[in-house]
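Structural overview
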Amino acid sequence: MSKLNSKIPEGSLEKKWANHKDHIKLVNPSNKRHIDVIVVGTGLAGGAAAASLAEMGYSVKAFCFQDSPRRAHSIAAQGGINAAKNYQNDGDSTYRLFYDTIKGGDYRAREANVYRLAEVSGNIIDQCVAQGVPFARDYGGLLDNRSFGGVQVQRTFYARGQTGQQLLLGAYSAMSRQIGKGTIKMYNRHEMLDVVIVNGKARGIITRNLLTGEIERHSAHAVIIATGGYANVFFLSTNAMGSNATATWKIYKKGAFFGNPCFTQIHPTCIPVAGEHQSKLTLMSESLRNDGRIWVPKKKDDNRKPKDIPEGERDYYLERRYPAFGNLVPRDVASRAAKERCDAGYGVGKSKLAVYLDFSDAIKRLGKDEVSARYGNLFQMYEKITDENPYETPMRIYPAVHYTMGGIWVDYNLMTTVPGLYALGEANFSDHGANRLGASALMQGLADGYFVIPYTVGDYLADDIRTGKIPTNTPEFDEAEKQVKERLNYFINNKGTKPVDHFHKQLGKIMWDKCGMARNEKGLKEAITEIKALKAEFWKDVRVPGSLNEFNQELEKAGRVADFFELGELMCKDALNRNESCGGHFREEYQTPEGEALRDDNNYAYVSAWEYKGEHAEPELHKEELKFENIKIAQRSYK
Amino acid sequence: MNLLLKIWRQKGPNEPGKIVDYKMTDVSPDMSFLEMLDVLNDSLVTKGEEPIAFDHDCREGICGMCSLYINGEAHGPEKLITTCQLHMRSFTDGETIHIEPWRAKSFPVVKDLVVDRSAFDRIMAAGGFVSVNTGGAQDANCLPVSKVNADKAFDAATCIGCGACVATCKNSSAMLFVSAKVSQLALLPQGKVEARERVMKMVAQMDAEGFGNCTNTGACEVECPKGISLENIARMNREYLVASLTHEEKKEVSGGF
């Protein structure tokens, strides 16, 4: 029997969550304050969870590596958040949001989880408005909506191009309220370096105080990991510089299975790479595709300025290939189409690795003021980076790594395969299947944090009301701390010759070339060999200056990149195992004659969940079969 | 481009600091300012020297983590951007660039260019929120908000908490930061209920942290990367005045059975 038990409740899809909530165990209010919960990460999922759990009465300890919880990278999400409110009267419903998400994810997500996500989506908007989140409104004072890729209704709530910022500041304010009350103890500039397992249960973490270098032990009755995704494996991504996979990787090595690591999202509209010193890529919100039109010249190597290319000589390839959805096809489809045109020699700009995103029609139709009201801050951001004015000349865009659908495998309660250890938000393998729809990450992070974990964690903690405080002076904590210290010491004492970034950039290039937008068997096998060799060189030759007991940013990076090597290898193995194309995972061997992704539902309609087996052993693959009882599985078409 | 960088180096919070010179050659004008520092750090590490510590994270101007006083201006010479959005094309070949940390008593230096801004978190914890628990909210559209007020609240809410206002102010005042949050929540019906209590508590914490007073110079508004308006300070002063005249201490009610 499989070790995986997804614990999906019985009953009809619509009643599962309500029934489950009605029957899981509760913790009495007077017992909650004797129960400690650790939350690692303070983005939308972690911040919302920490605040909600503290409001309920639990003693919460929250951790972030940044100097304040308000800096978590959720803040950079631009476009919006989906919710099935049907405020626009365009026929939206819980079922439609559920259906769009399953289809958008190319039928590789769990029905029950996605339905729950759609079900609580409306509560999120209510909650955020009550917190004072200033969503966009119309002149009647009611909330405004826009549309996003892969759907045909307007269900995206937004706050100009800064929706993530406003939602995160809402969660941060809710956390701040609890920090002021003393129900959340906040640890800024602390990085989790291991989880501590006692008698098979997650009972604490080891952290490093990044200011002083001190290694600390923290115990709790449950540990929640909400540390985001792992797109920085690629070095160049739209993630923040500090975004890392260390927390998720450490729990993987302590028994939590890793789900679908090869499902990464390449976002179609990013500012193209400008030079070799580039440190990160900047996203241009998908909302731009509401009014911008994507095109390339019909002629190869056309070096004319975009405005000199007449209408008849432009190829609006998304509108041509996908007339029903046009420029608003899902991200994976839009990204591959851009790559296809550029690979075929129609790319624009100096590098020829870019396509145009043109607003001249929108400016004619709506006027410059209206375009500015909708996208002003994005246009400004683009101009600051590229020195070009998008009101006058089309933007140049190219796909970039943006989000990871894969992550720690969790059951319906968001618990990992380790009892008492939970993963939320982008850190879990989540509800997005093989491709996430725009404006759904914010929805999932907040759903997990505000409306799922507060209920499900009680079911587990109800058995801990008599446990008492978890001591930290036990052999399990000793051992975990010892390992953490040994590794940190290794880096400081290694005295190699090359900085961490040198290795990270090379890893990123291998991953982008061979495990990026398109993958094939030969490339993936090469990548695994190359990563192993590079990893060996890294451990031999990395140089980390400074000492342990001080603020040491190179030391922080070294630990994170060491984990990226191992995770990168697992991503390639997972991509190699999945002999089909689905969503963001495009295996060149498996495509339709038109170049669309070709799924293999007979053999691959499962979640791959990898179990760590030790440093020198191959990880073991477990399969969670996906059952589609409410949706008819079909070839995904946006034509 | 060739540049001479004069950078503040300070080993730790209680160590003395000094300006150290670094020569940079072949800097591409398309590089961002922080990428230029990445290149410098790369070369320092390769030489076995300690790299320059500076705060940064999202590198797209929204997280508020980056700082830096560049040639005497918070976030450098350009307007309405953060340091991470600054590009080397804003400088000229052969230029000398002075790079220092935020300077304010309430933002002590941690190392080199990194400062401790946790005072802002403590001000937020004192009252920068609406007291609503998860799960208790009514339908989001049950309370219309005039677009004018919603837009003003949004403008105030775009503050990224970077601290440029404090660093720029000759008094190291945090009034622009505090007033942005006070305004955002006071302008919305959801935040109106506890507006008076909020402004009293946030201002008290601001004073306790040792930030200076506002003397209406307006430098904060000029240097704010998000263009937060001075109008917010006026609104906070009005809120504070009204609150201090009408505010009633919360009476503890015991029992209830």
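Bear in mind that the values here come from a model prediction, so they are computed numbers and not experimental data.

A separate point is the overall build of chain A. Along chain A, the regular secondary structure elements total 17 helices and 19 strands. Expected size for 639 residues packed as a compact globule is a radius of gyration near 26 Å; at 24 Å, chain A falls within 12% of this value. Projecting the C-alpha coordinates of chain A onto the three principal axes gives extents of approximately 75 × 60 × 50 Å. With 639 residues in all, chain A has 60% of them scored as buried. Taking the contacts inside chain A whose residues are at least 6 apart along the sequence as the reference set, 74% of them involve residues at least 24 apart.

A few words now on the pairing of strand E7 (residues 201-209) of chain A. Residues and elements named next belong to chain A. Counting buried residues in E7 gives 7 out of 9 residues, a clear majority hidden from the surface. Here 8 bridges tie strand E6 (residues 190-198) to E7, and the two strands are oriented antiparallel to one another. Residue pairing across strands places Ile197 opposite Ala202, the latter belonging to E7. The antiparallel pairing of E6 with E7 creates a hairpin that spans 2 residues between the two strands, and Asn199 there sits at a positive phi of about 50°. Sheet analysis places E7 next to strand E8 (residues 215-219), joined by 5 bridges and oriented antiparallel. Across the sheet, Thr207 pairs through a bridge with Glu216, a residue of E8. Turn length for the E7-E8 hairpin, with the two strands adjacent in sequence and antiparallel, is 5 residues, and the turn residue Gly213 shows positive phi of about 85°.

Residue and element names in this part refer to chain B. Put simply, helix H2 (residues 118-127) and helix H7 (residues 195-208) touch, their axes get as near as 8 Å, and they point 155° apart. As summarised for this structure, H2 and H7 are arranged roughly antiparallel, according to the angle between their axes. Relative to H7, H2 is oriented so that their crossing is right-handed. When H2 is examined against H7, the residues Arg122, Ile123, Ala126 and Gly127 are found in contact with a partner set consisting of Glu197, Arg198, Lys201, Met202, Ala204, Gln205 and Met206. Residues belonging to the contact of H2 with H7 are distributed by class as follows: 5 nonpolar, 2 polar and 4 charged.

Residue and element names in this part refer to chain B. Split into domains, chain B comes out as domain 1 (3-111) and domain 2 (117-246). Measuring from the centre of the C-alpha atoms in domain 1 to the corresponding centre in domain 2 gives 29 Å. Opposite the 18 residues of domain 1 that make contact, domain 2 presents 17 residues. Looking at the side of domain 1 that touches domain 2 residue by residue, the class counts come to 9 nonpolar, 6 polar and 3 charged.

Residue and element names in this part refer to chain B. Orientation of helix H3 (residues 147-157) relative to helix H5 (residues 175-187), taken along the N-to-C sense of each, is 155°, at an axis distance of 8 Å. As summarised for this structure, H3 and H5 are arranged roughly antiparallel, according to the angle between their axes. Where H3 crosses over H5, the two elements pack in a sense that is left-handed. Residue-level contacts link Asn149, Lys152, Ala153, Ala156 and Ala157 of H3 to Ala180, Ser183, Gln184 and Leu187 of H5. Its residues assigned to classes, the contact of H3 with H5 comprises 5 nonpolar, 3 polar and 1 charged.

Right, let's talk about the environment of A:Leu53 for a bit. Residue and element names in this part refer to chain A. Among the secondary structure elements, Leu53 is positioned in helix H3 (residues 44-56). A count of 29 C-beta atoms within 10 Å places Leu53 in the buried class. Considering only alpha carbons, one finds Leu53 and Tyr612, 559 residues apart in sequence, at a separation of 31 Å. Apart from the residues within four sequence positions on either side, Leu53 is in contact with Val37, Tyr58, Val60 and Pro454.

Procedures and definitions
Residues numbered from 1 in each chain as written. Chains lettered and ligands numbered in written order. Predicted model: local features only at pLDDT ≥ 70, side-chain atom pairs only at ≥ 80, totals over all residues. Helix = DSSP H or I, 4+ residues; strand = E, 2+ residues; numbered from the N terminus. Rg over C-alpha atoms; globule rule 2.2 N^0.38 Å. Buried ≥ 20, exposed ≤ 12 C-beta atoms within 10 Å, placed from the backbone. Contact = placed C-beta atoms within 7 Å. Pairing = 2+ DSSP bridges. Axes fitted to C-alpha atoms, helices over the stretch in contact; angles between N-to-C directions. Parallel < 35°, antiparallel > 145°, perpendicular 65-115°, else oblique. Left-handed = near helix turned anticlockwise from the far one by under 90°. Nonpolar A, V, L, I, M, F, W, Y, C, P; charged D, E, K, R; others polar. Domains from an automatic or database assignment.

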